[in-house]
Every structure is written in structure tokens, then in C-alpha cells.
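Structural overview
The chain contents come next:
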Amino acid sequence: MYHNNSIRLMAGNSHPELAVSVAERLGVPLVPVTVKKFSNGEINVKISESVRDEDVFIIQSGCSDVNDNFMELLILISACKTASARRITAVIPCFPYARMDRKETSRAPITAKLVANMLTVAGCDHVITMDLHASQIQGFFDIPVDNLYSEPLMLSYIKHQIPGWKDGIVVSPDAGGAKRVTAIADKLGVEFALINRKRINKHDVANPTSDAGDHMEILVGDVRGKVAILVDDMIDTGVTLSLACKTLAEKGAQSVHALVSHGLLSATNLALIDELPLCQLVVTNTVPQTQHQNACSKLVTIDISPTIAESIRRTHNGESISLLFGEWGEPGNVPIL
């Protein structure tokens, strides 16, 4: 029997496996929710249990059909709001439109800000997400946002699953990830490297014989004879990963391992990843990975449900979640459900 102000978990259609895993760890059943479409594409939501004066957590990731999944989330939030939920927390492991966080060209939209506005207007009181593409997105909200990190899980994976990591080097495939890799390298006590991606065309005066296309060069660090640990926050097309792996192999890396937070892999030919000079591609399950794993033998998935479940429990109980950020003690040694 539920009492007022208890945890109520519900989920849309984006990532039911993660929702079930989180519910099992918390020992809380998922609220029965029916999310379906009318013939014209409109989304219809029905919540089968009362959420009046309850602490509601809605798990919905920004993956696959991003727009449909996001619209499902907004409607679920609105439905809970009008059903008198005490607090509504959107748990969004992979934040939609996170790559559109600033104006890169004239007349370009800042869609991540629009997403923040829509969540707030729908009635969201709190957001829990993971590994935002740009941490300044937290500033787009006027409500609390907890940006969790997969870094402790990845550090643990490196230490236990990658042979020779103590003689390794952590590599960023672009300048934007420099802060991320230096933090990981410091905690592992190893060196780091930085790769620069540039566009070469046949009319380049300095390289008149070069082929057109994207090329990468190592700006910082020496990877020769070392275990290269490539770290990034997102993989979608796989072009950057492919170029980076080939560059590291050409520069004499002993082996290459890639660790990526969000394995979108929406436009990636996974069969080609098996052909890369890459030992393994490690991703988290912020988005569903079952189909991807069936198509790629090198794909390994890290389960984030313990971190998500613990953040929900601590949020509900009014406890600090800073331990989940790895700020105190050794990252990865946080007591998890």
C-alpha cells in the first residue's frame, strides 16, 4: 500500500529496459502507463494509478525517434501536473538536442534552450540527466538540474577491463573534450593526448597533392607503444571514431580502446567498426544498445541503472548526490543500491 509522498516511477517508450532495471534496484514498481498514437500520429497517454501528492520520476531518454520520445515526456509531465503530483522529476539519461547549445552560425537556433523551456512549461520541477554535451545547458533552466557523470563507471572499467592501462594514454578526438580527458588522465595517473580534426581540399596550396576529406593529427602527446584510451561523450555517425582510431594506429599505438558516454550510433555502419583497429567500443546504456550489440562484436555496454537509481533515492530523501559526481573519495566507490 502506497502512502503520500512516496516514489512513483513511470516511463515512456524510449528505453523500457533501463526503466525496469532502475525500478528493480529501487524496489519500486513502475506505474502502469499506456502511451500510444492515434492514426494521425498524435500521442495519447493514460496513467492508470493516482499520483496525487506523490514524488514522481519519469524516465525517458532522448534516443531513436527523438521528437516522439520528447513529446511523450512532455505529455507525461503535463498529465502528472494536472493530476496534482507534489513534485515531478524528468530523468533524461541522454538529453535531446544537447548538441545545439549555442549559435554556431547566423540564424542558427539554440534548440537545447527551447527544450529546457518546454520542460519547464509542461510542469517539470527537477531534471536528472547524464553527461551533458555542454554543461552550460544547466544554466538554460530555472529549475534544479543534476548532471550525473559516467566517469566513475568508466574509470572502474578501465582499471578492471583494459590490460596495460597503467602504461596507457587517454586521448580526446577533439579540442572540446580536452577537459574531460585531462580529468580522467589525472585520476588514472597517466598521460593524455589531444587530436585535431581538419578539412583538407585539393586546392590547398600547402598540400597540392593531398586528397580532399577530413584528416586528424595529434597535437599533444605521444601514443607510440602505448595503450590508447579514446574518450568522448557521444558517438553518432562514427566518422570521428573511425578517423581517430586510424590516426592512433598509424602513430604506433599498441592498442586502441574507445569509451563513449552516449552510443547513439544512429547513422553508424556497425559492421565497419569491427574492421577498425579498435579492441572494443565501450558505451553506456543511456540509450538502448541491444540491436547495436547484435550488429557489432566489439561493442560493450556499461549499465548506468545503479547510478540513476541512487540519484532518484537520494533526491527523494533529500540527500546530497555529490558523491555520485566522484567529488569525495575514489570515484566508483560510491555505495550504490
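Keep in mind the model is a prediction, meaning the values are calculated, not measured. (Residues numbered from 1 in each chain as written. Predicted model: local features only at pLDDT ≥ 70, side-chain atom pairs only at ≥ 80, totals over all residues. Heavy atoms only, no water.)

Further remarks concern the nonpolar core. Met10, Ile58, Ile77, Phe95, Leu119, Ile137 and Phe141 are the most contacted members of the largest nonpolar core, which totals 35 residues. Among the secondary structure elements, those contributing two or more residues to this core are strand 3 (43-47), strand 4 (55-59), helix 2 (66-82), strand 5 (87-92) and helix 3 (111-122). Considering every element that reaches this core, the biggest residue donor is helix 2, with 6 residues. If we skip the residues at most four places from it in the chain, phenylalanine 95 touches Ala112, Val115, Leu119, Thr129, Leu132, Ile137 and Phe141. Residues Ile195, Met216, Leu276 and Leu278 belong to the second largest nonpolar core, which totals 27 residues. (Core = buried A, V, L, I, M, F, W, Y, C linked by side-chain atoms within 4.5 Å. Buried < 20%, exposed > 50% of the residue type's maximum accessible area, 1.4 Å probe, protein only. Helix = DSSP H or I, 4+ residues; strand = E, 2+ residues; numbered from the N terminus. Contact = heavy atoms within 4.5 Å.)

Okay, the sheet that holds strand 7 (residues 145-148) next. With parallel pairing, the 5 strands of this open sheet are ordered in space as 1-4-5-6-7. The open sheet is flanked by strand 1 (7-11) and strand 7, the only strands paired with a single partner. Each adjacent strand pair in this sheet contributes to an overall mean axis angle of 20 degrees, direction not counted. Both strand 6 (residues 126-130) and strand 7 contribute to a ladder of 4 bridges, which runs parallel. Pairing of valine 127 across the sheet is with valine 145, part of strand 7. In this fold helix 2 packs onto strand 1, strand 4 and strand 5, with an angle of close to 165 degrees to the strand it touches most, strand 5. (Pairing = 2+ DSSP bridges. Axes fitted to C-alpha atoms, helices over the stretch in contact; angles between N-to-C directions.)

What follows concerns empty space enclosed by the protein. The final tally for this structure, using the stated rule, is 1 cavity of 30 Å³ or more. Empty space within the largest cavity amounts to approximately 30 Å³. The wall of the largest cavity is formed by Cys94, Phe95, Ala98, Thr129, Met130, Asp131, Leu132, His133, Met234 and His262. Split by residue class, the lining of the largest cavity holds 6 nonpolar, 3 polar and 1 charged. (1 Å grid on protein atoms, 1.4 Å probe; cavity = no way out; pocket = protein on both sides within 12 Å on 5 of 7 lines; lining within 4 Å. Points joined across faces, edges and corners; volume = space filled by probe spheres on them. Nonpolar A, V, L, I, M, F, W, Y, C, P; charged D, E, K, R; others polar.)

Right, let's get into the domain arrangement of the protein chain. You can read the domains of the protein chain as domain 1 (7-148 + 305-324) and domain 2 (151-200 + 213-302). Contact residues are listed per partner, giving 13 residues for domain 1 and 12 residues for domain 2. Between domain 1 and domain 2 lies a buried interface of about 1100 Å² when both sides are counted; carbon and sulfur atoms form 55% of it. A per-residue breakdown of the area domain 1 buries against domain 2 is headed by Cys94, Arg99 and Asp131, which together make up 38% of the total. Between the two partners, domain 1 and domain 2, sit 1 salt bridge. Here arginine 99 makes a salt bridge to aspartate 236, at a shortest N to O gap of 3.1 Å. For the side of domain 1 that touches domain 2, the residue count by class is 6 nonpolar, 5 polar and 2 charged. (Domains from an automatic or database assignment. Buried area = accessible area lost by both parts, 1.4 Å probe. Salt bridge = Lys/Arg side-chain N within 4 Å of Asp/Glu carboxyl O.)

Look at helix 2 against helix 3: their axes get within 8 Å of each other, and the N-to-C directions meet at 25 degrees. Of the possible angle classes, the one that applies to helix 2 and helix 3 is roughly parallel. Only Val115, Met118, Leu119 and Ala122 of helix 3 make contact with helix 2, whose side of the interface consists of Phe70, Leu73, Leu74, Ile77, Ser78 and Lys81. Of the residues contributing to the contact of helix 2 with helix 3, the split by class is 8 nonpolar, 1 polar and 1 charged. (Parallel < 35°, antiparallel > 145°, perpendicular 65-115°, else oblique.)

Of note, the phi angle at aspartate 53 is positive, near 60 degrees, even though the residue is not glycine. Inspection of the secondary structure assignment puts aspartate 53 in the loop between strand 3 and strand 4. Phi is positive for arginine 107, which is not a glycine, with a value near 65 degrees. Along the polypeptide, arginine 107 turns up in the loop between strand 5 and helix 3.

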